[in-house]
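# Coordinate inspection notes
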Amino acid sequence: MRNYIFQRLIQLVPILFGITFLTFAMIHFAAVDAVDFMYQQGGSVAEEIKAAKRTELGLDKPFLIQYGNWLAGFLTGDMGRSFISGKLVFETFAEKLPATFELMTVSILLTIFIATPLGIIAAVNQNKFVDIVIRFLSFVGNSLPNFFVALLLIYFFALKLNLLPIIGDNIIMPALTLTIAMGAKYTRQIRAVVLEELEKPYVTGARARGVSEFTILTKSVLRCALIMIITLLALSIGNLLGGTAIVETIFMWDGVGKMAVDAILMRDYPLIQAYVVWMAIIYVAVNLAADLLYHYLDPRVKYE
């Protein structure tokens, strides 16, 4: 296991270098640089002032030198300062992460508590009325984009029923927006896995020995389905920890996703670069954790 973890961590190094280099290159060769955009809203500004600002930010140096300076700082724990706020990038991330963690946790828990029983119920009642209804609802939920779901929730719960505020610290609507799409996907996948497991010989043997359906589902079938659920969770957690930009922006949820959108709009390059690195690390770390859980749930899975 130690060798496996070490190899995966070593693989992260070239991935991070490649991602940061490509991101830095795309930012560097963008049509509008950060200084021009910074002074765009303030009217006409002398080129001497812009040139001085570029020198201050290090944007007057060649591309490779800029990247080398950023990389040297990153390797020593210095992710730079925001062009807009002047705050340390690390401090900005530290301020935004709790909101993203909170939204992720609530969304994941809601998804699991809703999708798992629905998927099992649909599989047990295959092709019956309840199965058809669940499949239809999951198809609709999986088809609707997040921004459209967010707008529907705002229209009904905030504007029509006046039950929830549109923006603010209320987590219900952003969490529901994410849960509808994830729950629909999880329900379909869980149903498919449970159906596959119910047709296997060990289930037939358990039924022949008089084992109850509830015991078969909870002790055997659901345990086998957990590997697929963990795969989905790994993808979902990576996406949510990176911040769901559209949902956070619509509901003004002050998380990492909204921060990234604001940074892109304001051409705040240090924040954009740090966000890309964060996303790469999160996906590799979450997928590694998922692989380790595979072996714990099913010892037949070997590390290679």
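So, a few notes on the structure that sits alongside this text.

## Description of a nonpolar patch on the surface
A contiguous nonpolar surface patch, about 1000 Å² in accessible area, is contributed by Phe147, Phe148, Leu151, Leu152, Tyr155, Phe156, Leu159, Ile166, Ile167, Ile246 and Met252. Take the nonpolar patch: its biggest share by element is seven residues, from helix H7 (residues 146-160). The residue Leu159 is located in helix H7 in this model.

## Let's talk about the pattern of salt bridges
Side chains carrying opposite charge are able to pair once their charged atoms draw close together. Applying the stated criterion to the full structure yields six salt bridges. Two residues, Asp131 and Arg135, come together in a salt bridge whose shortest N-O distance is 3.4 Å. Of this pair, Asp131 and Arg135 both sit in helix H6 (residues 129-143), four residues apart, which is roughly one turn of that helix. With relative accessibility at 0%, the residue Asp131 sits in the buried group. Given a relative accessible area of 32%, Arg135 falls into the partly exposed group. Residue Lys200 pairs with Glu197 through a salt bridge whose shortest N-O separation is 3.0 Å. Classification of Lys200 by relative accessible area gives partly exposed; the value is 30%. Among the charged side chains, a salt-bridge network with shared partners connects Asp131, Arg135 and Arg191.

## Quick word on the nonpolar core
Counting 38 residues, the largest nonpolar core has Met173, Tyr186, Ile190, Val194 and Val221 as the members making the most contacts within it. Listing elements by their share of this core, those giving two or more residues are helix H5 (89-124), H7, helix H8 (172-198), helix H9 (201-208) and helix H10 (213-241). Considering every element that reaches this core, the biggest residue donor is H8, with 10 residues. Each residue touching Tyr186, except ones within four places of it in the same chain, is listed here: Thr111, Ala115, Leu232, Leu233 and Ser236. Core analysis: the second largest hydrophobic core is formed by 24 residues, Leu59, Met79, Val89 and Met259 among them.

## As for the environment of Ala245
Note that Ala245 resides in helix H11 (residues 245-250). Owing to a relative accessible area of 28%, Ala245 belongs among the partly exposed residues under this scheme. Between the alpha carbons of Ala245 and Gly255 there is a distance of 8.6 Å; along the sequence they are 10 residues apart. Beyond its immediate sequence surroundings of up to four residues, Ala245 is in contact with Gly257 and Val261.

## Quick look at the side chain of Gln273
As for its position among the elements, Gln273 is in helix H13 (residues 269-297). Excluding its chain neighbours within four sequence positions, the residues that come into contact with Gln273 are Thr20, Thr23, Phe24, Ile27 and Trp70.

## Digging into the packing of aromatic side chains
As enumerated under the stated definition, the model contains nine aromatic pairs in all. Measuring from ring centre to ring centre gives 5.3 Å for Phe21 and Tyr67, while their planes differ by 90°; the resulting arrangement is edge-to-face. With Phe21 in helix H1 (residues 2-28) and Tyr67 in helix H4 (residues 63-75), this residue pair connects regions lying 46 residues apart in the sequence. A residue is classified by how much of its surface remains accessible, and Phe21, at 33% relative accessible area, is partly exposed.

## Section: unusual backbone geometry
Of note, the phi angle at Asn127 is positive, near 65°, even though the residue is not glycine. The topology assignment puts Asn127 in the loop between H5 and H6. Among the residues examined, Asn127 registers a relative accessible area of 53% and is labelled exposed. If you check the backbone angles, Asn162 has positive phi at about 55° while not being a glycine. With respect to the helices and strands, the residue Asn162 is situated in the loop between H7 and H8. You can call Asn162 exposed: its relative accessible area is 64%.

Procedures and definitions
- Residues numbered from 1 in each chain as written.
- Predicted model: local features only at pLDDT ≥ 70, side-chain atom pairs only at ≥ 80, totals over all residues.
- Heavy atoms only, no water.
- Patch = residues over 30% accessible without salt bridge, like charges linked within 9 Å, V, L, I, M, F, W, Y side chains within 5 Å.
- Areas by Shrake-Rupley, 256 points an atom, 1.4 Å probe, with all protein chains shown as cover.
- Salt bridge = Lys/Arg side-chain N within 4 Å of Asp/Glu carboxyl O.
- Helix = DSSP H or I, 4+ residues; strand = E, 2+ residues; numbered from the N terminus.
- Buried < 20%, exposed > 50% of the residue type's maximum accessible area, 1.4 Å probe, protein only.
- Core = buried A, V, L, I, M, F, W, Y, C linked by side-chain atoms within 4.5 Å.
- Contact = heavy atoms within 4.5 Å.
- Phe/Tyr/Trp six-rings, centres within 6.5 Å; stacked < 30°, edge-to-face > 60°.

Fair warning: the whole summary comes from geometry, so function is off the table for now.
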